[in-house]
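Secondary and tertiary structure notes
Okay, here's what each chain looks like letter by letter:
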Protein chains: 2
Amino acid sequence: MNDDVLERSDGAPLGHLEVATERRERFVHATPTIEDVGRHAGVSRQTVSNVLNAPHRVRPETIERVQLAINTLGYRANHHARNLRTGTSRAIAYRIPPVGGHLNSVMDTFLHELTEAVEAIGCHILLFASNDLDGEIARYWELSAQSAADGVVFSSTEREDRRPAPLLERRMPFVSFGRTWGSAEHSWVDVDGRAGTRLAINHLLANGHRRFAWLGPRNPGVVNDEREQGVRSAIAAAAIPAADLHIVSLQDDAVADRRAIADLLDSPDAPTAWVSMSDLQALTVLGELEARGIVPGRDAAVIGFDDSPVAAYAGGGLTTIRQPITAVAQTIAQLLSAQFADPNSEPRGVLLEPELIVRRTG
Amino acid sequence: MNDDVLERSDGAPLGHLEVATERRERFVHATPTIEDVGRHAGVSRQTVSNVLNAPHRVRPETIERVQLAINTLGYRANHHARNLRTGTSRAIAYRIPPVGGHLNSVMDTFLHELTEAVEAIGCHILLFASNDLDGEIARYWELSAQSAADGVVFSSTEREDRRPAPLLERRMPFVSFGRTWGSAEHSWVDVDGRAGTRLAINHLLANGHRRFAWLGPRNPGVVNDEREQGVRSAIAAAAIPAADLHIVSLQDDAVADRRAIADLLDSPDAPTAWVSMSDLQALTVLGELEARGIVPGRDAAVIGFDDSPVAAYAGGGLTTIRQPITAVAQTIAQLLSAQFADPNSEPRGVLLEPELIVRRTG
DNA sequence: GTACAGAATATGAACGTTCAAATGAACGTT
DNA sequence: AACGTTCATTTGAACGTTCATATTCTGTAC
């Protein structure tokens, strides 16, 4: 009984000081805990926790007192403790695309925008590298097992993509940038390539062009197919004969591309309107046109794809089809968020419209 | 006593089954814990932990048994529990550089290589975005306080960089890609720009060139200064008069650049050897040369910087100065690792040599 | 004033791991 | 045969949070 009193009137302050001293030695950089904040504000652990996670349960003046203590001590919740207790990680895994090969400014932009977008839903991006698809899939499994990631985003999808199945089986929330034609049903966000090239062709038609060239990749895939279809359908819709559309398969070499373009320019029915699957290749077209004194934007039109930094650099600016990458990233974050909120929510696919950025060349 | 016996011969199996059943309901996707593995292998928690973290303390046959259990159950250590206990996170924070502006293929490659390099030391990259430097610094503080990151890597350094000081104060291990001339002492890795341009000029001298142009950025910074110094010193060393070196300030516009290059080409002492601070701008030079029938690699030489995808694309290949990004990333990982091992280790700066990739244009 | 309901706050337990210390087994030494 | 020593393994505690539940406070109605 008097023991109790001693503990209260005497012991508590002593205890307080003692703990403070005990902490002091490692204090300079040791981070305060929720308990320290509580002690400082004269409340318990849980009240501090409530201030942070459920403020409506706490009296306004208490909130203020606790906030003051938080600011004074510079308290930040320890992620690992929180995540351990709640079973979440607030991390989203993303395999950084393999380096080299193509100039993929889109993917760089995407990663940046994705980082910002997931921050808006209180998450962060956890990067990993992998040489092959099997490694990537194995990694998802591991991240899930370690509860190191709450969700996954992947890009560079392909037909019958193998990634959705294992992720679905593990019940790991995920959204892909790109459809996976034929894979199991899941959430995705993609850009309508057909609409993009249709936009470009219609713009060119409006400017009086009647002879077209589409510059596609050497190894066409489903992405190119759709873009090419957009070109074809827009041309067909304008009752332009199919013979007035030339399809060029670009190589990964400027000299070869230049020759192919030159050959086409020398033909009697040379196109006046060029649409390319990439800005860089559009630059090559510009070069060849200028070499012949053909002024892009006046005598001919050139439209690129992706609005990469190259496009802005190209003297005065290259007209280009821009993919709405910011919107893609934000939509992905929202779809992920929806899956976090309700793991059984219906998967959703979102197809976004690209935009034609009209500059000097077309 | 017989109680004990009961517990062993009878209770243990029962208990085993009971726990197994209790777990069963959430078993399908619930991840097994270290305890489950122990039970399955007939050892304790700690032994499993030792198998994973200090195998030398465990008898080989026990290791085998535990490994089997790990594989059977598909066990992976829970990151948060481990990190909470050990006070580490095995995460390295990196601010993803702001999008747009320049074509920075170097930074993209760097991020990829860094991701791989930190995996080799058992870490992963945690990305974050920030609009300004203050936000970036605040974020480092937060990440440290939350113990969400064990280390930091940052790039795009500048003179008197403000980032080292707060990181040092917080005793947060970090390495910068780039020197911070004038900032507090810390570990860094950088590429010797002087050596890079010297390499290029010496190569051009050996090929008989005597009149040079250096294409630098519109807003020169310390990075350009060093590169330009490399050019100047190599030229001076060859006893070429300084008048035979032309310095061009590139604009962010191809037309303007093209005109500047054309003016120089029309001058009586036009350079025959061109070195550019960027591959893309080197492409512009190539275009202007070809327009005049000057064949790069025969009549003139053009050397770019960074070996970006653009360089490989440029018909047959652009000769270029490549920064050893893989080595940069690996060295950064090692320096970080050293700081993890010994927080009081001396900071080290490492300056790496770039490499000249000789292709068709020079 | 007392009883009661509801709001505000506090307490004990748990998340899954590793650390520190304790126990048990194996093994030569004296 | 008893005794340290070393090696292998186990046990109790702790990391910092949140959940579930218990307790205390506050104001209102009788």
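This structure is a prediction, so every number in the text was calculated from the model and none was measured.

**A look at the sheet that holds strand β7 (residues 245–249) of chain B**
All names here are of chain B. Taken in spatial order, the 6 strands make up an open sheet running β7-β6-β8-β9-β10-β12, and their pairing is mixed. The open sheet terminates on both sides in strands that have one partner only, identified here as β7 and β12 (355–357). When the angles between neighbouring strand axes are averaged without regard to direction, this sheet yields 20 degrees. Most of the contacts of helix α12 (residues 279–291) go to strand β9 (residues 301–305), to which it runs at about 160 degrees, and overall it touches β6 (212–216), β8 (273–276), β9 and β10 (319–322).

**Overview of the interface of chain B and chain A**
Listed by partner, the interface residues are 51 residues for chain B and 51 residues for chain A. The set of elements that each furnish at least two residues to the side of chain B that touches chain A consists of α5 (79–86), α6 (105–120), β2 (124–128), α7 (133–145), α11 (254–266), α12 and α13 (309–313) of chain B. Residue composition of the side of chain B that touches chain A, grouped by class: 22 nonpolar, 19 polar and 10 charged. Pairing geometry for strand β2 (residues 124–128) of chain A and β2(B), over 3 bridges, is antiparallel.

**Some details on the packing of α6(B) against helix α14 (residues 325–341) of chain B**
All names here are of chain B. α14 packs onto α6 with a crossing angle of 40 degrees between their chain directions and a minimal axis gap of 8 Å. Relative to α14, the element α6 is oriented oblique. For the element pair α6 and α14, the recorded crossing hand is right-handed. Here Val106, Thr109, Phe110, Glu113, Leu114, Ala117, Val118 and Ala120 of α6 come into contact with α14, specifically with Ile325, Thr326, Val328, Ala329, Gln330, Ile332 and Ala333. When the residues that make up the contact of α6 with α14 are grouped by side-chain class, the tally is 11 nonpolar, 3 polar and 1 charged.

**Details of the confidence of the model for chain A**
Averaged over every residue, the pLDDT of chain A is 88; the share at 70 or more is 91%. Contacts of residues 1–28 of chain A to residues separated by more than four positions or lying in other chains number 4 contacts, the stretch itself having pLDDT below 50.

**Description of the protein's contact with DNA strand D**
Surrounding DNA strand D, one finds 26 residues, the nearest of these being A:Ile34, A:Ser49, A:Ala81, B:Gln46 and B:Thr62. Residue composition of the surface near DNA strand D, grouped by class: 8 nonpolar, 10 polar and 8 charged.

The rules behind these values
- Position labels on residues start from 1 in each chain and follow its written sequence.
- Starting at A for chains and at 1 for ligands, labels are handed out in the order in which the entities are written.
- Only residues with pLDDT of 70 or above have their local features reported here, since the model is predicted, and side-chain atom pairs are shown and tallied only from 80 upward, although totals for entire chains, interfaces and linings are computed over all residues.
- In this scheme, strands are said to pair when DSSP sees at least two bridges between them.
- Each helix is a run of DSSP H or I of at least 4 residues and each strand a run of E of at least 2, with the numbering of both proceeding from the N terminus.
- For helices, the fitted line uses only the C-alpha atoms of the stretch in contact; every axis is such a line through C-alpha atoms, and the angle between N-to-C directions lies from 0 to 180 degrees.
- In this description, any two residues whose backbone-derived C-beta atoms lie within 7 Å of each other are considered to be in contact.
- When residues are sorted by character, Ala, Val, Leu, Ile, Met, Phe, Trp, Tyr, Cys and Pro go into the nonpolar class, Asp, Glu, Lys and Arg into the charged class, and all the rest, Gly among them, into the polar class.
- Put simply, angles under 35 degrees are roughly parallel, angles over 145 are roughly antiparallel, angles from 65 to 115 are roughly perpendicular, and the rest are oblique.
- The sense of a crossing depends on the near helix, which, turned anticlockwise from the far helix by less than a right angle, makes the crossing left-handed and, turned clockwise, makes it right-handed.
- The predictor's confidence in any single residue is recorded as pLDDT, a number from 0 to 100.
- Residue proximity rests on one test: whether the C-beta atom, placed from the backbone, lies within 6 Å of the molecule or strand.

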